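# Structural characterization, general
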Amino acid sequence: MSSSKKTKTSSDTCEKLRFYPGWLAGNEEEFLCRMAEKGWMLKSIHGDTVYRFEKTAPAKKIFAVEFLGKRPSVAEEIAEDCNAGWDYLGKTAKKRYYCCDASSPAISHPSADSEAEQSRLSTTMTNLTTLLLLNIPGTLYCLLYCILLMATNGLSLAASLSYHYIYFFGSLFGLFSIYLLLRWILAAKHRNKSIGGTGGVL
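Read on for a plain summary of the structure. (Residues numbered from 1 in each chain as written. Predicted model: local features only at pLDDT ≥ 70, side-chain atom pairs only at ≥ 80, totals over all residues. Heavy atoms only, no water.)

The next thing to look at is a nonpolar patch on the surface. Taken together, Leu-140, Leu-144, Ile-147 and Leu-148 make up a surface patch of nonpolar side chains, about 400 Å² in accessible area. Along the chain, Ile-147 falls in helix H3 (residues 115–153). (Patch = residues over 30% accessible without salt bridge, like charges linked within 9 Å, V, L, I, M, F, W, Y side chains within 5 Å. Areas by Shrake-Rupley, 256 points an atom, 1.4 Å probe, with all protein chains shown as cover. Salt bridge = Lys/Arg side-chain N within 4 Å of Asp/Glu carboxyl O. Helix = DSSP H or I, 4+ residues; strand = E, 2+ residues; numbered from the N terminus.)

Next comes the structure, spelled out in C-alpha cells:
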C-alpha cells in the first residue's frame, strides 16, 4: 500500500507521488509495470517519493527494485546486472532500479540471494508481527465492551455509541490496523521468498 496517490501530468511527462517502504518493493515493481503498460516509462525518482515518467509507447516491462540499504552503489555491480540482461534506470539513496522486456528470457532478480535484504525483511516481519500481537488484545477488549454494552443494557447501536463512542472507534481502528499489518507481513513474506529467502514468520 502506498501512502499517497497524487498525480501531476503534462503532455509528455507525468509525476506521481508514492511511498513504498522496503518490504513493499514487490508492490512498487507492479506499480512501475502498470505505468509502462499505460505508456509511461520511469525516468527518475526524487526523494524516494516522486516518480517521474515520460510518455512512450505502451509496453510490457519487468521492473526490479534492488535494496541497497547502507551499501554503496558500486559500478561493477550495476555492470554485472546489465550484462545479465537488465537495463539500469537509476537509483535513490537506498534502492537501484532496473527493467527489461517482459518477453526476455528469465533473468535472475538483482536482489536474488541477497543476504542483506533477506535479513532486513526478516527483521521487518518480526517487528510487524510484534505490532500485530500487541494490537490484538486492545482491539478485542473494545469489541467485547461494545457487544456486552448492547447485550446487557438492551440499547440500540446508536444510543450505545453516543456514550461510548471511544470503544467503537477503538474497535474500528484496531481492526483496520490488524488488516493493514497482516497485508504488510504477507507482502514482506512474499518478497523474501521471491529473492530466495525462507519467508520468515507466519
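Relative to strand E7 (residues 95–101), strand E6 (residues 87–91) runs antiparallel, the two being bridged by 4 bridges. Among the inter-strand pairings, Gly-90 is bridged to a residue of E7, identified as Tyr-97. Hairpin connection from E6 to E7: 3 residues lie between these consecutive antiparallel strands. (Pairing = 2+ DSSP bridges.)

Next up on the list: the side chain of Asp-81. Relative to the assigned elements, Asp-81 resides in helix H2 (residues 75–83). The residues contacting Asp-81, other than those within four sequence positions of it, are Glu-66, Trp-86, Arg-96, Tyr-98 and Pro-110. (Contact = heavy atoms within 4.5 Å.)

Strand order across the open sheet formed by 3 strands is E5-E7-E6, with antiparallel pairing between neighbours. Whereas interior strands pair on both sides, the edge strands pair on one side only; in this sheet they are strand E5 (61–67) and E6. Strand-to-strand twist across the sheet, computed as the mean angle between neighbouring axes with direction ignored, equals 25 degrees. Of the strands in this sheet, E5 and E7 are in contact with helix H1 (residues 25–37), which crosses E5 at around 150 degrees. Sheet strands in contact with H2 are E5, E6 and E7, and its direction is about 15 degrees off that of E7. (Axes fitted to C-alpha atoms, helices over the stretch in contact; angles between N-to-C directions.)

The full count for this structure, using the stated rule, is 6 aromatic pairs. A centroid spacing of 5.9 Å and a plane angle of 85 degrees characterise the contact between Phe-31 and Phe-53, whose relative ring orientation is edge-to-face. Residue Phe-31 is located in helix H1, and its partner Phe-53 is located in strand E4 (residues 50–55); the two are separated by 22 residues in the primary sequence. The same class applies to Phe-31 as to Phe-53, namely buried. Among the aromatic residues, ring-to-ring pairing joins Tyr-20, Phe-31, Tyr-51 and Phe-53 into one connected group. (Phe/Tyr/Trp six-rings, centres within 6.5 Å; stacked < 30°, edge-to-face > 60°. Buried < 20%, exposed > 50% of the residue type's maximum accessible area, 1.4 Å probe, protein only.)

We now examine the pattern of salt bridges. Counted according to the given criterion, the structure contains 6 salt bridges. As a salt-bridge pair, Arg-191 and Glu-29 come within 3.0 Å of each other at their nearest N and O atoms. Highlighted residues: Arg-191 in helix H4 (residues 157–194) and Glu-29 in helix H1, separated in sequence by 162 residues. Across the pair Lys-61 and Asp-101 runs a salt bridge, and its minimum N-O distance is 2.7 Å. Of the two residues, Lys-61 sits in strand E5 while Asp-101 sits in strand E7, which places them 40 residues apart along the sequence. Residue Asp-101 is classed as partly exposed on the basis of its relative accessible area, which comes to 37%.

Along a regular strand, successive side chains alternate from one face of the sheet to the other. Looking at chain direction, strand E3 (residues 40–46) and E4 are connected through 6 bridges and run antiparallel. Bridge pairing links Leu-42 to Phe-53 in E4. Connecting E3 to the antiparallel partner E4 that follows it, the hairpin turn spans 3 residues, and Gly-47 within it adopts a positive phi of roughly 65 degrees.

Now for the nonpolar core. Phe-31, Leu-32, Leu-42, Tyr-51, Phe-53, Phe-63 and Tyr-97 are the most contacted members of the largest nonpolar core, which has 30 residues in total. Elements that contribute at least two residues to this core include exactly H1, E3, E4, E5, E7, H3 and H4. With 6 residues, the single largest contributor to this core is H1. Of all hydrophobic cores here, the second largest spans 5 residues; its members include Ala-64, Ile-78, Trp-86 and Cys-100. (Core = buried A, V, L, I, M, F, W, Y, C linked by side-chain atoms within 4.5 Å.)

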